[in-house]
Amino acid sequence: MEDLLAHCTLCPRRCGVNRMMGARGFCGAGHTVRVARTMLHQWEEPCLVGVHGAGAVFFSHCTLRCVYCQNHAISHEGGGTEMSTEELAARFLELAREGAATLDLVTPTHYTPQILDALTRARAQGLTLPVVWNTSGYETVENIMRLAGAVDIYLPDLKYDTEESGRLYSAAPDYAAAAWAALGAMVAQVGAIRFSPDGQLLGGVLVRHLVLPGHRHESIALVRRLWETFGDSVQLSLMRQYTPLYRAAEFPPLHRRLTTFEYESVVNAARELGMKRVYVQGAEAVGAQYVPDFE
(Lines give C-alpha, C1' and ligand atoms only; values in the text may rest on other atoms or scores of the structure.)
Protein backbone atom coordinates (compact mmCIF):
# COMPACT_ATOMS: atom_id res chain seq x y z
CA MET A 1 0.00 0.00 0.00
CA GLU A 2 2.75 2.47 0.93
CA ASP A 3 4.52 1.91 -2.39
CA LEU A 4 1.41 2.93 -4.35
CA LEU A 5 0.95 6.08 -2.27
CA ALA A 6 4.62 7.10 -2.21
CA HIS A 7 4.51 7.77 -5.97
CA CYS A 8 0.82 8.04 -6.76
CA THR A 9 -0.21 7.00 -10.27
CA LEU A 10 -3.59 5.51 -9.32
CA CYS A 11 -5.58 7.58 -11.83
CA PRO A 12 -4.80 8.67 -15.41
CA ARG A 13 -3.35 11.98 -14.17
CA ARG A 14 -0.38 10.08 -12.71
CA CYS A 15 0.63 13.00 -10.49
CA GLY A 16 3.49 11.02 -8.93
CA VAL A 17 3.24 12.80 -5.58
CA ASN A 18 4.31 11.19 -2.30
CA ARG A 19 1.07 11.02 -0.36
CA MET A 20 2.82 9.19 2.48
CA MET A 21 4.82 12.36 3.12
CA GLY A 22 1.82 14.69 3.03
CA ALA A 23 1.87 15.74 -0.62
CA ARG A 24 -1.45 15.91 -2.45
CA GLY A 25 -2.03 15.62 -6.17
CA PHE A 26 -4.90 16.83 -8.34
CA CYS A 27 -7.54 14.84 -6.40
CA GLY A 28 -6.54 16.35 -3.05
CA ALA A 29 -6.51 13.05 -1.17
CA GLY A 30 -3.87 12.27 1.45
CA HIS A 31 -2.58 8.96 2.75
CA THR A 32 -5.57 8.46 5.07
CA VAL A 33 -9.02 7.61 3.73
CA ARG A 34 -11.62 10.35 4.13
CA VAL A 35 -15.27 9.26 4.09
CA ALA A 36 -18.16 11.71 3.71
CA ARG A 37 -21.01 9.36 4.56
CA THR A 38 -22.06 5.72 4.79
CA MET A 39 -25.69 4.75 4.36
CA LEU A 40 -28.21 2.27 3.04
CA HIS A 41 -28.83 3.86 -0.34
CA GLN A 42 -32.19 3.23 -2.04
CA TRP A 43 -31.59 5.36 -5.14
CA GLU A 44 -29.15 3.13 -7.00
CA GLU A 45 -30.27 0.82 -9.82
CA PRO A 46 -32.87 -1.77 -8.68
CA CYS A 47 -30.49 -4.71 -9.13
CA LEU A 48 -28.12 -3.22 -6.53
CA VAL A 49 -30.41 -2.20 -3.68
CA GLY A 50 -32.33 -5.34 -2.69
CA VAL A 51 -34.82 -4.88 0.14
CA HIS A 52 -32.93 -2.44 2.36
CA GLY A 53 -30.59 -0.62 -0.02
CA ALA A 54 -27.03 -0.68 -1.25
CA GLY A 55 -24.42 -0.24 1.45
CA ALA A 56 -22.97 3.00 0.09
CA VAL A 57 -19.64 4.42 1.22
CA PHE A 58 -19.13 7.93 -0.17
CA PHE A 59 -15.43 8.73 -0.36
CA SER A 60 -14.21 12.33 -0.28
CA HIS A 61 -12.11 13.97 -3.01
CA CYS A 62 -12.17 13.09 -6.72
CA THR A 63 -9.89 12.75 -9.73
CA LEU A 64 -12.25 14.90 -11.84
CA ARG A 65 -13.58 18.45 -11.56
CA CYS A 66 -17.03 18.17 -13.11
CA VAL A 67 -18.60 21.61 -13.30
CA TYR A 68 -22.07 20.15 -12.66
CA CYS A 69 -21.08 17.85 -9.78
CA GLN A 70 -23.93 17.29 -7.35
CA ASN A 71 -21.49 16.09 -4.67
CA HIS A 72 -19.01 18.97 -5.02
CA ALA A 73 -18.98 19.59 -1.25
CA ILE A 74 -17.17 16.31 -0.77
CA SER A 75 -15.58 15.66 -4.17
CA HIS A 76 -14.03 19.10 -4.71
CA GLU A 77 -13.90 20.47 -1.17
CA GLY A 78 -12.99 17.23 0.60
CA GLY A 79 -15.52 17.30 3.41
CA GLY A 80 -15.72 14.16 5.53
CA THR A 81 -14.08 12.17 8.31
CA GLU A 82 -10.74 10.40 8.23
CA MET A 83 -10.80 6.63 8.83
CA SER A 84 -8.10 4.03 9.32
CA THR A 85 -8.33 0.88 7.22
CA GLU A 86 -9.44 -0.98 10.37
CA GLU A 87 -12.29 1.50 10.87
CA LEU A 88 -13.24 1.29 7.21
CA ALA A 89 -13.38 -2.51 7.38
CA ALA A 90 -15.56 -2.27 10.48
CA ARG A 91 -17.97 0.03 8.65
CA PHE A 92 -18.18 -2.41 5.73
CA LEU A 93 -19.24 -5.10 8.20
CA GLU A 94 -21.78 -2.78 9.88
CA LEU A 95 -23.45 -2.09 6.53
CA ALA A 96 -23.72 -5.84 5.93
CA ARG A 97 -25.33 -6.31 9.35
CA GLU A 98 -27.79 -3.49 8.56
CA GLY A 99 -29.04 -5.49 5.57
CA ALA A 100 -27.15 -3.99 2.63
CA ALA A 101 -27.58 -5.92 -0.62
CA THR A 102 -24.20 -4.80 -1.97
CA LEU A 103 -21.15 -2.89 -0.76
CA ASP A 104 -21.30 0.23 -2.93
CA LEU A 105 -17.92 2.03 -2.98
CA VAL A 106 -18.61 5.51 -4.39
CA THR A 107 -15.72 7.44 -6.02
CA PRO A 108 -13.08 5.05 -4.67
CA THR A 109 -10.21 5.23 -7.20
CA HIS A 110 -7.80 7.48 -5.28
CA TYR A 111 -8.09 5.24 -2.20
CA THR A 112 -7.56 1.92 -4.01
CA PRO A 113 -4.77 0.51 -1.78
CA GLN A 114 -6.51 1.42 1.47
CA ILE A 115 -9.81 -0.04 0.25
CA LEU A 116 -8.15 -3.30 -0.81
CA ASP A 117 -6.61 -3.57 2.66
CA ALA A 118 -9.98 -2.88 4.32
CA LEU A 119 -11.74 -5.45 2.11
CA THR A 120 -9.16 -8.09 3.03
CA ARG A 121 -9.71 -7.35 6.72
CA ALA A 122 -13.51 -7.36 6.40
CA ARG A 123 -13.61 -10.59 4.42
CA ALA A 124 -11.44 -12.27 7.02
CA GLN A 125 -14.21 -11.35 9.48
CA GLY A 126 -17.03 -12.72 7.33
CA LEU A 127 -17.95 -10.07 4.75
CA THR A 128 -19.64 -11.75 1.77
CA LEU A 129 -21.47 -8.85 0.07
CA PRO A 130 -20.89 -8.32 -3.66
CA VAL A 131 -18.46 -5.39 -3.96
CA VAL A 132 -19.45 -2.58 -6.35
CA TRP A 133 -16.73 -0.28 -7.71
CA ASN A 134 -18.84 2.84 -8.31
CA THR A 135 -16.43 4.97 -10.33
CA SER A 136 -16.34 8.08 -12.50
CA GLY A 137 -14.89 5.85 -15.21
CA TYR A 138 -11.63 7.84 -15.15
CA GLU A 139 -9.39 4.87 -14.39
CA THR A 140 -6.17 3.32 -15.60
CA VAL A 141 -6.06 -0.23 -16.89
CA GLU A 142 -3.37 -0.94 -14.28
CA ASN A 143 -5.68 0.08 -11.45
CA ILE A 144 -8.47 -2.13 -12.75
CA MET A 145 -6.01 -5.03 -12.80
CA ARG A 146 -5.20 -4.38 -9.12
CA LEU A 147 -8.87 -4.94 -8.31
CA ALA A 148 -9.06 -8.46 -9.77
CA GLY A 149 -10.64 -10.81 -7.27
CA ALA A 150 -11.69 -7.97 -4.96
CA VAL A 151 -14.48 -6.38 -7.05
CA ASP A 152 -17.56 -8.25 -8.27
CA ILE A 153 -19.44 -5.47 -10.03
CA TYR A 154 -18.08 -2.46 -11.89
CA LEU A 155 -20.40 0.57 -12.00
CA PRO A 156 -18.59 3.13 -14.17
CA ASP A 157 -19.99 6.42 -15.35
CA LEU A 158 -19.26 6.74 -19.03
CA LYS A 159 -19.56 10.50 -19.15
CA TYR A 160 -18.32 11.59 -22.56
CA ASP A 161 -17.29 10.30 -25.95
CA THR A 162 -15.29 13.35 -27.03
CA GLU A 163 -12.10 14.99 -25.84
CA GLU A 164 -13.74 18.42 -25.89
CA SER A 165 -16.45 17.48 -23.38
CA GLY A 166 -13.95 15.91 -21.00
CA ARG A 167 -11.73 18.97 -21.18
CA LEU A 168 -14.47 21.55 -20.84
CA TYR A 169 -16.66 19.94 -18.19
CA SER A 170 -14.31 17.74 -16.10
CA ALA A 171 -10.77 19.15 -16.61
CA ALA A 172 -9.81 15.83 -18.23
CA PRO A 173 -9.13 16.07 -21.97
CA ASP A 174 -8.09 12.39 -22.01
CA TYR A 175 -11.29 11.27 -20.29
CA ALA A 176 -12.87 9.38 -23.20
CA ALA A 177 -9.71 7.47 -24.13
CA ALA A 178 -9.01 6.52 -20.51
CA ALA A 179 -12.61 5.54 -19.73
CA TRP A 180 -13.06 3.34 -22.81
CA ALA A 181 -9.76 1.54 -22.15
CA ALA A 182 -10.69 0.99 -18.51
CA LEU A 183 -14.15 -0.25 -19.48
CA GLY A 184 -12.61 -2.87 -21.74
CA ALA A 185 -10.40 -4.04 -18.86
CA MET A 186 -13.43 -4.25 -16.54
CA VAL A 187 -15.43 -6.43 -18.93
CA ALA A 188 -12.40 -8.65 -19.60
CA GLN A 189 -11.90 -9.12 -15.86
CA VAL A 190 -15.41 -9.85 -14.56
CA GLY A 191 -17.11 -11.11 -17.71
CA ALA A 192 -20.68 -10.75 -18.88
CA ILE A 193 -23.40 -9.38 -16.62
CA ARG A 194 -24.93 -12.00 -14.28
CA PHE A 195 -28.12 -11.85 -12.23
CA SER A 196 -29.62 -14.05 -9.53
CA PRO A 197 -33.09 -15.55 -10.12
CA ASP A 198 -34.63 -12.71 -8.10
CA GLY A 199 -32.98 -10.02 -10.23
CA GLN A 200 -30.05 -9.05 -8.01
CA LEU A 201 -26.82 -8.29 -9.83
CA LEU A 202 -24.12 -10.81 -8.95
CA GLY A 203 -21.29 -9.76 -11.23
CA GLY A 204 -20.34 -7.91 -14.39
CA VAL A 205 -20.35 -4.32 -15.61
CA LEU A 206 -23.27 -1.89 -15.30
CA VAL A 207 -22.47 1.23 -17.35
CA ARG A 208 -24.10 4.50 -16.37
CA HIS A 209 -24.48 7.37 -18.80
CA LEU A 210 -25.98 10.70 -17.76
CA VAL A 211 -27.52 12.41 -20.77
CA LEU A 212 -26.48 16.08 -20.74
CA PRO A 213 -28.50 18.96 -22.17
CA GLY A 214 -27.31 19.96 -25.62
CA HIS A 215 -25.31 16.74 -26.02
CA ARG A 216 -27.81 14.16 -27.27
CA HIS A 217 -25.79 13.45 -30.42
CA GLU A 218 -22.72 12.68 -28.32
CA SER A 219 -24.85 10.39 -26.13
CA ILE A 220 -26.24 8.57 -29.15
CA ALA A 221 -22.71 8.06 -30.52
CA LEU A 222 -21.59 6.77 -27.12
CA VAL A 223 -24.49 4.31 -26.90
CA ARG A 224 -23.81 3.06 -30.41
CA ARG A 225 -20.12 2.54 -29.62
CA LEU A 226 -21.02 0.70 -26.41
CA TRP A 227 -23.33 -1.64 -28.29
CA GLU A 228 -20.89 -2.27 -31.13
CA THR A 229 -18.07 -2.98 -28.66
CA PHE A 230 -19.78 -5.01 -25.94
CA GLY A 231 -23.27 -5.94 -27.11
CA ASP A 232 -25.47 -7.34 -24.34
CA SER A 233 -22.51 -8.39 -22.18
CA VAL A 234 -22.97 -5.16 -20.20
CA GLN A 235 -26.04 -3.51 -18.67
CA LEU A 236 -26.66 0.14 -19.56
CA SER A 237 -28.29 2.66 -17.24
CA LEU A 238 -29.42 5.76 -19.15
CA MET A 239 -29.87 8.50 -16.59
CA ARG A 240 -32.30 11.36 -17.01
CA GLN A 241 -31.60 13.01 -13.66
CA TYR A 242 -29.33 15.86 -14.78
CA THR A 243 -29.88 18.89 -12.54
CA PRO A 244 -27.96 22.16 -13.18
CA LEU A 245 -26.02 22.37 -9.91
CA TYR A 246 -22.68 23.79 -8.77
CA ARG A 247 -21.09 25.80 -11.63
CA ALA A 248 -23.40 24.55 -14.40
CA ALA A 249 -24.82 28.06 -14.97
CA GLU A 250 -21.39 29.11 -16.29
CA PHE A 251 -21.37 26.45 -19.02
CA PRO A 252 -24.35 26.67 -21.39
CA PRO A 253 -26.11 24.48 -22.43
CA LEU A 254 -25.50 22.79 -19.04
CA HIS A 255 -27.24 25.73 -17.38
CA ARG A 256 -30.66 24.23 -18.14
CA ARG A 257 -32.49 20.98 -17.50
CA LEU A 258 -32.57 18.13 -19.96
CA THR A 259 -35.63 18.12 -22.23
CA THR A 260 -37.87 15.09 -22.69
CA PHE A 261 -37.03 15.09 -26.41
CA GLU A 262 -33.29 14.95 -25.72
CA TYR A 263 -33.56 12.07 -23.31
CA GLU A 264 -36.09 10.09 -25.32
CA SER A 265 -34.02 10.43 -28.49
CA VAL A 266 -31.14 8.62 -26.75
CA VAL A 267 -33.49 5.95 -25.39
CA ASN A 268 -34.95 5.45 -28.87
CA ALA A 269 -31.47 5.14 -30.37
CA ALA A 270 -30.64 2.37 -27.89
CA ARG A 271 -33.90 0.63 -28.73
CA GLU A 272 -33.30 0.90 -32.49
CA LEU A 273 -29.84 -0.62 -32.06
CA GLY A 274 -31.47 -3.66 -30.48
CA MET A 275 -30.22 -3.12 -26.95
CA LYS A 276 -32.14 -5.23 -24.42
CA ARG A 277 -30.28 -4.53 -21.16
CA VAL A 278 -31.15 -0.87 -20.54
CA TYR A 279 -32.44 0.90 -17.46
CA VAL A 280 -34.33 4.14 -18.16
CA GLN A 281 -35.65 6.85 -15.84
CA GLY A 282 -38.88 8.80 -15.70
CA ALA A 283 -39.19 12.55 -15.18
CA GLU A 284 -39.69 11.96 -11.45
CA ALA A 285 -35.97 11.12 -11.16
CA VAL A 286 -35.02 14.77 -11.67
CA GLY A 287 -34.39 17.05 -8.72
CA ALA A 288 -31.91 18.17 -6.08
CA GLN A 289 -33.86 16.20 -3.47
CA TYR A 290 -32.01 13.07 -4.62
CA VAL A 291 -28.62 14.48 -3.67
CA PRO A 292 -27.47 12.75 -0.44
CA ASP A 293 -27.15 14.96 2.62
CA PHE A 294 -23.46 15.15 3.53
CA GLU A 295 -23.86 17.42 6.53
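Residues numbered from 1 in each chain as written. Predicted model: local features only at pLDDT ≥ 70, side-chain atom pairs only at ≥ 80, totals over all residues. Heavy atoms only, no water.

An unreviewed UniProt entry annotates the protein chain as Pyruvate formate-lyase activating enzyme of Centipeda periodontii DSM 2778.

Enquirer: What is the right way to look at the packing of aromatic side chains in this model?
Expert: Aromatic ring pairs are described here by two measures, namely the spacing of the ring centres and the angle between the planes. One pass over the full model with this rule turns up six aromatic pairs. With a centroid separation of 6.3 Å and an interplanar angle of 45°, the aromatic rings of Tyr160 and Tyr169 are classed as tilted. Residue Tyr160 is classed as buried on the basis of its relative accessible area of 1%. Tyr169 sits in the buried class, given a relative accessible area of 3%. Summarising the aromatic geometry, the rings of Tyr169 and Phe251 are spaced 6.4 Å apart at their centres and angled 80° between planes, so their arrangement reads as edge-to-face. Of this pair, Tyr169 sits in helix α7 (residues 163-170) while Phe251 sits in the loop between β9 (235-239) and α10 (260-273), and the two are 82 residues apart along the sequence. (Phe/Tyr/Trp six-rings, centres within 6.5 Å; stacked < 30°, edge-to-face > 60°. Buried < 20%, exposed > 50% of the residue type's maximum accessible area, 1.4 Å probe, protein only. Helix = DSSP H or I, 4+ residues; strand = E, 2+ residues; numbered from the N terminus.)

Enquirer: Would you mind going over the environment of Leu93 with me for this structure?
Expert: Residue placement: Leu93 occurs in helix α4 (residues 85-97). In this structure Leu93 touches Ala122, Gln125, Gly126 and Leu127, once residues within four positions along its chain are discounted. (Contact = heavy atoms within 4.5 Å.)

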